[in-house]
Amino acid sequence: MYQTIRYEKNGNIGIATINRPEALNALNSTVISELEQLISEVEKDAELGAFIITGEGRSFCAGFNLNDLALDPPEDMGRIQRDFYIMQRMCSDQIINMRRCEQPIIGALKGFAVGGGLSISCACDMRVLGESYKMNAGYLSIGYTGTDMGGSFFLPKIVGYARACEILMNPARFDAQKLYEWGFANRVVADDDVLETAVAMAEEMCRETAPFGLRLTKEALQCSLDGTSFENCIKMENRNQVLASNTNDGIMGTLKMNPKNRADVKENPEKYAFHNM
């Protein structure tokens with residue numbers, strides 16, 4: 001289905017691989033549009049509990065392909081319109097789509113994450129970094145700003161304001177170990193183990209959790225990033241808990257914990273298995 005993205009399902013885990021290793025998985029309009037289409041389909045997949053994004057070869061994503069910016073714009077628009085509609089807004093919409101995606105997104109990341117690669121890394125809910133991972137705000141090196149595609153929103157919340165300033169105001173590369181120490185990564189592993197570790201995390205997360213409950217948990221956590229008041233966070237938690245408790249999974253989960261049903265749970269585990277999206 002896709003030219004630049006490889007997608008596969010491993011049980012209830014989806015794995016998307018940016019597949020342009022010859023270009024260090026640099027972004028272009030095709031990659032962006034295909035990622036947008038894929039994430040839209042992923043969100044509607046009731047069977048899918050979690051989603052992993054990774055890159056083929058030795059780089060996660062080397063940012064936007066700058067050669068595309070040297071091309072003349074289409075005849076029906078000027079350079080500013082081209083840069084806004086085709087490059088900037090398309091790229092930024094991708095980050096919005098990742099945030100809207102109901103399933104948890106885990107980044108399995110190694111090699112370079114430059115510019116847009118940094119931003120996609122930040123938009124993941126969790127990150128497994130390979131030892132070769134190096135992240136930098138590459139835009140600064142070409143006269144652009146250090147903030148793009150949601151980086152100024154996510155990064156201060158992940159590593160703190162001062163450290164986000166150091167990363168986004170400096171085109172230097174920040175390595176996996178430093179980023180792990182700063183709270184950016186959940187794990188740092190050998191490059192060859194990045195995807196396997198991310199899949200194991202996703203499987204552990206989904207194994208004994210209700211799919212609907214997991215999605216509502218991400219919704220509440222994402223809401224907290226907006227600076228929503230404490231009371232509004234509590235209200236969302238209350239609403240989500242009531243919704244989840246009245247699903248079939250919530251009802252059966254409560255029955256499963258009842259000591260009176262211990263024998264039935266042991267004899268009929270499929271009856272109590274989570275399945276209700």
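Further up the page is the structure itself.
Every value quoted in this text rests on a predicted model; they were computed, and no experiment measured them. (Residues numbered from 1 in each chain as written. Predicted model: local features only at pLDDT ≥ 70, side-chain atom pairs only at ≥ 80, totals over all residues. Heavy atoms only, no water.)

What follows is about the sheet that holds strand β7 (residues 134-136). Here three strands make up an open sheet; going across it, the order is β5-β7-β8 and the pairing mixed. Of all strands in the sheet, those with a lone pairing partner are β5 (112-114) and β8 (174-175), marking the two edges. Here β5 pairs with β7 via three bridges, running parallel. Across the sheet, residue Ala-113 finds its bridge partner in β7, namely Met-135. The sheet contacts of helix α4 (residues 116-123) involve β5 and β7, and relative to β5 the element is tilted by about 100 degrees. (Pairing = 2+ DSSP bridges. Helix = DSSP H or I, 4+ residues; strand = E, 2+ residues; numbered from the N terminus. Contact = heavy atoms within 4.5 Å. Axes fitted to C-alpha atoms, helices over the stretch in contact; angles between N-to-C directions.)

A few words on the packing of helix α5 (residues 151-159) against helix α6 (residues 161-168). At their nearest, the axes of α5 and α6 sit 7 Å apart, and the two run at 130 degrees to each other. For the element pair α5 / α6, the angle class is oblique. Seen along the crossing, α5 lies across α6 with a hand that is right-handed. Here α5 contributes Gly-151, Ser-152, Leu-155, Pro-156 and Val-159 to the contact with α6, which in turn contributes Tyr-161, Arg-163, Ala-164, Ile-167 and Leu-168. (Parallel < 35°, antiparallel > 145°, perpendicular 65-115°, else oblique. Left-handed = near helix turned anticlockwise from the far one by under 90°.)

The next subject is the pattern of salt bridges. It is possible for side chains of opposite charge to pair when their charged atoms get near one another. Counted by the stated rule, this structure contains eight salt bridges. Notably, a salt bridge pairs Asp-226 with Arg-99, separated by 2.9 Å at the nearest N-O pair. Here the residue Asp-226 occupies a position in the loop between α9 (211-225) and α10 (230-245), and Arg-99 occupies one in helix α3 (residues 79-100), the gap between them amounting to 127 residues. Judged by its relative accessible area of 46%, Asp-226 falls in the partly exposed class. (Salt bridge = Lys/Arg side-chain N within 4 Å of Asp/Glu carboxyl O. Buried < 20%, exposed > 50% of the residue type's maximum accessible area, 1.4 Å probe, protein only.)

Right, let's talk about the packing of aromatic side chains for a bit. Enumeration according to the criterion identifies three aromatic pairs in this entry. Measuring from centroid to centroid gives 6.4 Å for Tyr-7 and Phe-51, while their planes differ by 50 degrees, and the two rings are tilted. Remark: Phe-51 occurs in strand β3 (residues 50-55) and Tyr-7 occurs in strand β1 (residues 5-10); sequence separation between them is 44 residues. When its relative accessible area of 27% is taken as the criterion, Tyr-7 is described as partly exposed. Relative to Phe-154, the ring of Phe-153 lies with its centre 5.1 Å away and its plane at 85 degrees, an arrangement referred to as edge-to-face. Taking relative accessible area as the criterion, Phe-154 reaches 6% and is therefore assigned buried. (Phe/Tyr/Trp six-rings, centres within 6.5 Å; stacked < 30°, edge-to-face > 60°.)

This part covers the side chain of Gln-222. Of note, Gln-222 is situated in helix α9. For Gln-222, the residues in contact, after removing those within four places along its chain, are Arg-99 and Asp-125.

Another point: the sheet that holds β1. Whether parallel or antiparallel, the strands of a sheet pair through hydrogen bonds between backbone atoms. Read across the sheet, six strands follow the order β1-β2-β3-β4-β6-β9 without closing on themselves; strand pairing throughout is mixed. Looking at which strands have only one partner, the edges of the open sheet turn out to be β1 and β9 (187-189). Sheet twist, expressed as the mean angle between neighbouring strand axes with direction ignored, is 20 degrees. Of the strand pairs in this sheet, strand β6 (residues 126-130) and β9 are connected by three bridges, and their pairing is parallel. The partner of Leu-129 across the bridge, within β9, is Val-188.

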